[in-house]
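Residues per chain are reported as follows:
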Amino acid sequence: MKRALIVGIDEYPNAPLYGCVNDASALAELLKTNGGGAPNFDVSLKLNINTKAELLDLIDKLFSGDADASLLYFSGHGSEYGHLVTPDYKGKDLGVIMSEVLGYANKSKCKNKIIILDCCYSGKFGESPVVSSNESILGEGVTIMTASSRDEVATESDGQGLFTSLFLQGLRGSAADITGKITPAGIYAFIDQSLGAWQQRPVFKTNISHFVSIRDLEPRVPKSILRRLGQYFDSPSSEFKLDPSYEFTNNPNFGHEIIEPFAIAEHVNVFKELQLFESVGLVEPVDEEHMYFAAMKSKSCKLTALGLHYWKLSKDTRF
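From a predicted model like this one, the values you see are computed outputs, not experimental measurements. (Residues numbered from 1 in each chain as written. Predicted model: local features only at pLDDT ≥ 70, side-chain atom pairs only at ≥ 80, totals over all residues. Heavy atoms only, no water.)

A. Spotlight on helix α3 (residues 98–107). Listed as buried for α3 are Met98, Val101, Leu102 and Ala105. The buried residues of α3 occupy one face: seen down the axis, they fall within an arc of 100°. On the buried face of α3, the contacting elements are α2 (52–62), β3 (69–75), β4 (83–90), β5 (93–97), β6 (112–118) and β7 (142–146). (Buried < 20%, exposed > 50% of the residue type's maximum accessible area, 1.4 Å probe, protein only. Helix = DSSP H or I, 4+ residues; strand = E, 2+ residues; numbered from the N terminus. Arc of directions from axis to C-beta. Contact = heavy atoms within 4.5 Å.)

B. Layout of the sheet that holds strand β13 (residues 239–241). The 3 strands lie next to each other as β13-β15-β14, forming an open sheet whose pairing is antiparallel. If you trace the sheet from one side to the other, it starts and ends with β13 and β14 (283–285), each paired once. Strand after strand, the sheet turns through a mean of 30° between neighbouring axes, direction not considered. Alignment of β14 against strand β15 (residues 300–303), held across 3 bridges, turns out to be antiparallel. By the bridge assignment for β15, Pro285 is matched with Cys301. Helix α8 (residues 265–279) contacts β13, β14 and β15 of the sheet and is inclined by roughly 105° relative to β14. (Pairing = 2+ DSSP bridges. Axes fitted to C-alpha atoms, helices over the stretch in contact; angles between N-to-C directions.)

C. Region of the structure containing the state of the cysteines. This structure, assessed with the given rule, holds 0 disulfides. Its sulfur unpaired, Cys20 is 8.9 Å from the next cysteine sulfur, which belongs to Cys119. Assessed through its relative accessible area of 5%, Cys20 is described here as buried. Cysteine Cys120 is unpaired, with the sulfur of Cys119 as its nearest cysteine sulfur at 7.0 Å. Given a relative accessible area of 17%, Cys120 falls into the buried group. (Disulfide = S-S within 2.5 Å.)

D. Focus on the side chain of Ser300. Position of Ser300 relative to the elements: it lies in strand β15. Side-chain polar atoms of Ser300 contact the side chain of Glu239, separated by 3.4 Å. Excluding its chain neighbours within four sequence positions, the residues that come into contact with Ser300 are Glu239, Phe240, Lys241, Leu242, Pro285, Val286 and Ala294. (Polar contact = N/O pair within 3.5 Å; in protein donor to acceptor, adjacent residues only side chain to side chain.)

E. Up close: the environment of Tyr292. In this structure, Tyr292 sits in helix α9 (residues 291–296). Its relative accessible area of 33% is what places Tyr292 among the partly exposed residues. Measuring from C-alpha to C-alpha, the distance between Tyr292 and Ile187 comes to 34 Å, with 105 residues separating the pair along the chain. Tyr292 has contacts with Glu247, Thr249 and Phe271, leaving out every residue within four places of it along the chain.

F. A look at the confidence of the model for the protein chain. In this model, the protein chain carries an average pLDDT of 88, and 91% of its residues clear a pLDDT of 70 or more. When pLDDT is averaged over each element of the protein chain, strand β2 (residues 42–47) comes out on top at 98 and strand β8 (residues 156–157) at the bottom at 58. (pLDDT = per-residue confidence, 0-100.)

G. Local environment of the sheet that holds β2. Across the sheet, 6 strands lie side by side as β2-β1-β3-β6-β7-β11; this open sheet has mixed pairing. Here the strands that pair on one side only, and so sit at the sheet edges, are β2 and β11 (203–207). With strand direction ignored, the average angle separating the axes of adjacent strands in the sheet is 10°. Note: β7 against β11, 5 bridges, orientation antiparallel. What sits directly across from Ile144, in β11, is Lys205. Sheet strands in contact with α3 are β3, β6 and β7, and its direction is about 150° off that of β7. Its contacts with the sheet place helix α4 (residues 162–174) against β3, β6 and β7, and it is angled at close to 135° to β6.

H. Layout of the nonpolar core. Ranked by internal contacts, the top residues of the largest apolar core, which has 32 residues, are Ile6, Leu31, Leu71 and Phe167. Sorting the residues of this core by element identifies β1 (2–8), α1 (20–32), β3, β6, α4 and α5 (184–194) as the ones contributing at least two each. Here this core takes 6 residues from α4, the largest share from any one element. Of all hydrophobic cores here, the second largest spans 30 residues; its members include Ile49, Leu56, Val85 and Val96. (Core = buried A, V, L, I, M, F, W, Y, C linked by side-chain atoms within 4.5 Å.)

I. Representation of α8 within the structure. Taking 1.5 Å per residue as the helical rise, α8 with its 15 residues ought to reach 21 Å, and the 21 Å between its terminal C-alpha atoms agrees with that figure. Those residues of α8 lying buried are Val268, Val270, Phe271, Glu273, Leu274 and Phe277. Looking at the packing, one finds that the buried side of α8 touches α6 (223–226), α7 (229–232), β13, β14, α9 and β15. (Expected span 1.5 Å × (residues − 1).)

Structure representation (structure tokens):
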């Protein structure tokens, strides 16, 4: 069981925002289902919460019980003193203190606690409020991703949080691994690579031994085919010998020059899978630019560095 509390607040007295509700709504819609339409998170979308008490109550409920994953997303104002600001702010009581939210997560029996903040000064999340230190104090199973560092305001672009726009892009598939899984680490890596050297960098903190997938897509290579990577290559350094019989167009039925040995159905099926591996960066031709020419010139293909990683996983029956 996975559940998510998605909060977006635009309606602040004297300091309205304009993209938080839209960001929260878009994220909630994506998290409800996986790429193939199967159910994913049980989502509670809360827009324009009015009070600190209401937000605290929702956070308490989110982290109660023993769910496989509990995810909190907040888009709104953050304070330089470490608050998730609520519209009933008054004086120094600006809203829910970040350390209080972390307290709920640290004490939770949920296996994975994921906290995503798109607000100013969100990088303060995880720091001790009583010790003069920037070190994080995360309980086991807690992962935090924030739009900005501890002393930065969050960047917006065209009325939308830059961080959340990239986060959504990652969830749609840009952060998926070859097996179709999208983890917090995968999303962070995608966002980090998408930003230039002068742009605001997100903050990522975690204390886990195993990442849970936030969303699953149809794998770019079916697992049944991916498992055969270990069958085609005996060792990490071995090469798979090709010849013209692996190319399906090398057939008398095609109106062009053909070369013996002619296409063999079994070899053609193997070659299609090898070409699929090449398309996702697992295999590359040896001394040729394309797999087609490697086959037609009786050369070979070999594992890439990424292919070696998945070769080991297939040999160890990890998927």
